Amino acid sequence: MRRFFEKSTFIVALVFVFTAVISCEKDFTDIKSSIISNTKFDTDTLTVKGIVIENSPITSVTSDNISAEPGLYLLGVHTGANGDYEKIEASIVSQLALSTGLQVIDDANIYGSDTIVVTTIDTAFVKLPYQVTFNNDGTAYELDSIIGDQTKAFNLNIYETSTYLSILNPTEPSKLNSYQSNDVFDKKVTELNATSDFKFLPSLTDSIVVKRWLSDETVAKQDTIKYFNSTSATIPVPFAAIPLKEDKIKELFLDKYESSDFDSQAAFNDYFRGLILEATGDEGSLVSFNFNATVKPSLEVYYTNTVVAGGVIIDTIYKNDSFLLSGVRASTYKMDDKVYPSDKIVLQGAAGSEAKINLFGADTDGNGVADKIEELRARNLLINDASLTFYINQSIDTTAVPYQLFLYKSDENVPPVYSQIKDVYSEGAAVFGGLLQRDSNGKKEKYTFRITDYISDLLSGETNYSPTLRLKVINATDLLTVTDTIFKNYNWNPKAVTLYNHEAINEDKKVELKISYSEKKD
């Protein structure tokens, strides 16, 4: 509850406060939270019984960066231990950013008619910098944000897409476009990577050697390529480098620099519509790449211009052009459909599974308000605190359970309307909660949400809107900034967890809504 005091109105403010207290004791109206017990009130706690929670598989989530930029994108393959969860193959599609003034032979290097310039492509690759953290000594990096078996490779192929990636909706150009995680992006016939089904294994490799080739097919020199997070950094960032077909990249890029296809970003987007980084396989790991980091994913082209006069090499110019994976981007998630038994509530991120929650049960008289809500309203309770807790089934693999879950409202129509629970924006995400909690033995135990304002509004009669609640895996980047009551269902977190449902044999593990309240004494 925010309080604003001006010095000039201090007395008025005090009068207002005392008046409010007297009014509260007389009329017993709900002031929503933080009620202090006194001689006129009893405080107690009740637990709402009969909460029903069910599995709710989903087919897709919004996965583009048009309305909101997540920054993080998944690439790879992950299968849950013992087949507990759906296998996911996560891929990325992205436009490329065009640098201005691209020239194979710079104007400053124009020679006379008796010379020729021979361009030799040295190498081309897609660069993917890993997310990393420093080791305990601060002397080296360690790979971060990877789940699954990093000792086994998944297959990676890189394609040119023939699908035009548009910011605007093609059928309604006045509206923004949106891509779903199960959308299909057409690809050109053959892959661009030099070796089909490139075996992708995460590693701490932080440099590559580029041989610079002269026109006579001899090596002029070797460059060691490293990338740093800042100009003062001394430790290079580990990155993956996927070699591309050099002749094909020369044909698609270098040979077209002087054409109109490279005149502007718009022309380039229509000519070269983007890359598809496609992961497939039955084993491996799932890697999260940060496209907003200092060192960004890109397509790198290294080439050498050999200047020859009278059969003699008179000059050598070494060049490198970079094309950031920028512009419109989207993720695709290919996931196995899996039917879970009703006694196990499975939450899996990406396009896996959520849960539906009926918090207050049936509305038998059909007046639009659940019977349980009417029962509690009749008691005229002052709500001090309300928390909803979900317990983890620790008999199922908990190696890669999510750090945070999220709770939101859904009217379950087609298409559904999603909205925020009031506490998210009235109290803030930190108070709202949903973070992973451990028991006294350090085991991953539960997730708890503070929904005091939401429950208070329902029990005071301020609102009758009590739709289905939905529970999902979330990452900090999924939530983004809460600016209104609308909830947008993004998901870039592939982790999974199994919860107990309302039928748990152990009463202590059932989902529970606990309400702390004050009640007027008789």
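Rules used throughout
Residues numbered from 1 in each chain as written. Predicted model: local features only at pLDDT ≥ 70, side-chain atom pairs only at ≥ 80, totals over all residues. Heavy atoms only, no water. Helix = DSSP H or I, 4+ residues; strand = E, 2+ residues; numbered from the N terminus. Buried < 20%, exposed > 50% of the residue type's maximum accessible area, 1.4 Å probe, protein only. Contact = heavy atoms within 4.5 Å. Areas by Shrake-Rupley, 256 points an atom, 1.4 Å probe, with all protein chains shown as cover. Lys, Arg positive; Asp, Glu negative; His and termini not counted. Charge placed at Lys NZ, Arg CZ, Asp CG, Glu CD. Salt bridge = Lys/Arg side-chain N within 4 Å of Asp/Glu carboxyl O. Pairing = 2+ DSSP bridges. Axes fitted to C-alpha atoms, helices over the stretch in contact; angles between N-to-C directions. Phe/Tyr/Trp six-rings, centres within 6.5 Å; stacked < 30°, edge-to-face > 60°. Lys NZ or Arg CZ within 6 Å of the ring centre and 35° of its normal. Polar contact = N/O pair within 3.5 Å; in protein donor to acceptor, adjacent residues only side chain to side chain. Core = buried A, V, L, I, M, F, W, Y, C linked by side-chain atoms within 4.5 Å. Patch = residues over 30% accessible without salt bridge, like charges linked within 9 Å, V, L, I, M, F, W, Y side chains within 5 Å.

### A few points about the overall build of the protein
Broken down by element type, the protein carries eight helices and 27 strands. Within the protein, buried positions represent 47% of all 522 residues. Taking as baseline every contact in the protein between residues at least 6 positions apart, the subset at least 24 positions apart corresponds to 79%. Approximately 25,400 Å² of the protein is accessible, and the part contributed by carbon and sulfur atoms is 49%. Here the protein contributes 49 positively and 72 negatively charged side chains, and the mean placements of these two sets differ by 5 Å.

### Description of the pattern of salt bridges
Here the structure, examined in full by the defined rule, presents 25 salt bridges. Among the salt bridges present, the one from Glu69 reaches Arg329, with a minimum N-O distance of 2.7 Å. One end of the pair, Glu69, is in the loop between strand S2 (52-57) and strand S3 (72-78); the other, Arg329, is in strand S17 (residues 312-335), with 260 residues separating them in the sequence. In this structure, the salt-bridge partner of Glu172 is Lys175, at a minimum N-O distance of 3.3 Å.

### Focus on helix H7 (residues 452-460)
With respect to burial, H7 is a largely interior element, eight of its nine residues being buried. Along H7, the positions that sit buried rather than exposed are Thr452, Asp453, Tyr454, Ile455, Ser456, Asp457, Leu458 and Leu459. Following H7 by one or two positions, Gly461 adopts a phi angle in the positive range, close to 85°.

### Here we look at the sheet that holds strand S23 (residues 433-438)
Across the sheet, five strands lie side by side as S1-S27-S20-S24-S23; this open sheet has antiparallel pairing. Unpaired on one side and paired on the other, strand S1 (41-48) and S23 mark the two borders of the sheet. Ignoring strand direction, the axes of neighbouring strands in this sheet form an average angle of 20°. Of the pairings in the sheet, the one linking strand S20 (residues 382-391) to strand S27 (residues 512-520) comprises seven bridges and is antiparallel in character.

### Quick look at the packing of aromatic side chains
For any two aromatic rings, the description comes down to two numbers: the centre-to-centre distance and the angle of the planes. On inspection of all chains with the given rule, the structure shows 25 aromatic pairs. Here the aromatic cluster, defined as three or more aromatic residues joined through ring pairs, consists of Phe253, Tyr257, Phe262, Phe268, Tyr271, Phe272 and Phe323. For Lys187, the ring lying beneath its charged end belongs to Tyr159, and the centroid distance is 4.5 Å.

### Details of the side chain of Asn177
Within the fold, Asn177 resides in the loop between strand S9 (154-160) and strand S10 (198-200). Residue classification places Asn177 among the buried positions, given a relative accessible area of 9%. Reaching out from Asn177, the side chain makes a polar contact with the side chain of Tyr179 at a distance of 3.2 Å. Look past the residues within four positions of Asn177 in its chain and what remains in contact with it is Ile66, Ser166, Ile167, Leu168, Asn169 and Pro170.

### Comments concerning the pairing of strand S19 (residues 353-358)
When S2 meets S19, the two strands line up antiparallel, connected through six bridges. What sits directly across from Ser56, in S19, is Glu354. Of the strand pairs in this sheet, S19 and strand S25 (residues 468-473) are connected by three bridges, and their pairing is antiparallel. Directly across from Lys356, in S25, lies its bridge partner Arg470.

### Details of unusual backbone geometry
In the segment running from Val414 into Pro415, the intervening peptide bond is cis, with an omega of -5°. The topology assignment puts Pro415 in the loop between strand S21 (405-410) and strand S22 (418-419). Positive phi, normally seen in glycine, also occurs at Ser145, with a value near 60°. With a relative accessible area of 29%, Ser145 lands in the partly exposed category.

### As for the nonpolar core
Counting 55 residues, the largest nonpolar core has Phe200, Phe253, Leu275, Phe323 and Tyr333 as its most contacted members. Those residues in contact with Tyr333 that lie beyond four places of it in its chain are Val61, Leu74, Ile88, Glu89, Ala90, Ser181, Ala350, Ala351, Asn491 and Trp492.

### A short note on the environment of Gly71
Within the secondary structure, Gly71 is located in the loop between S2 and S3. Discounting residues that sit within four places of it in the chain, Gly71 has contacts with Phe289, Asn290, Phe291 and Asn292.

### Thoughts on a nonpolar patch on the surface
On the surface, a cluster of nonpolar side chains totalling about 270 Å² of accessible area is made up of Ile167, Leu168 and Leu176. Relative to the helices and strands, Leu176 resides in the loop between S9 and S10. The exposure class of Leu176 is partly exposed, given its relative accessible area of 48%.

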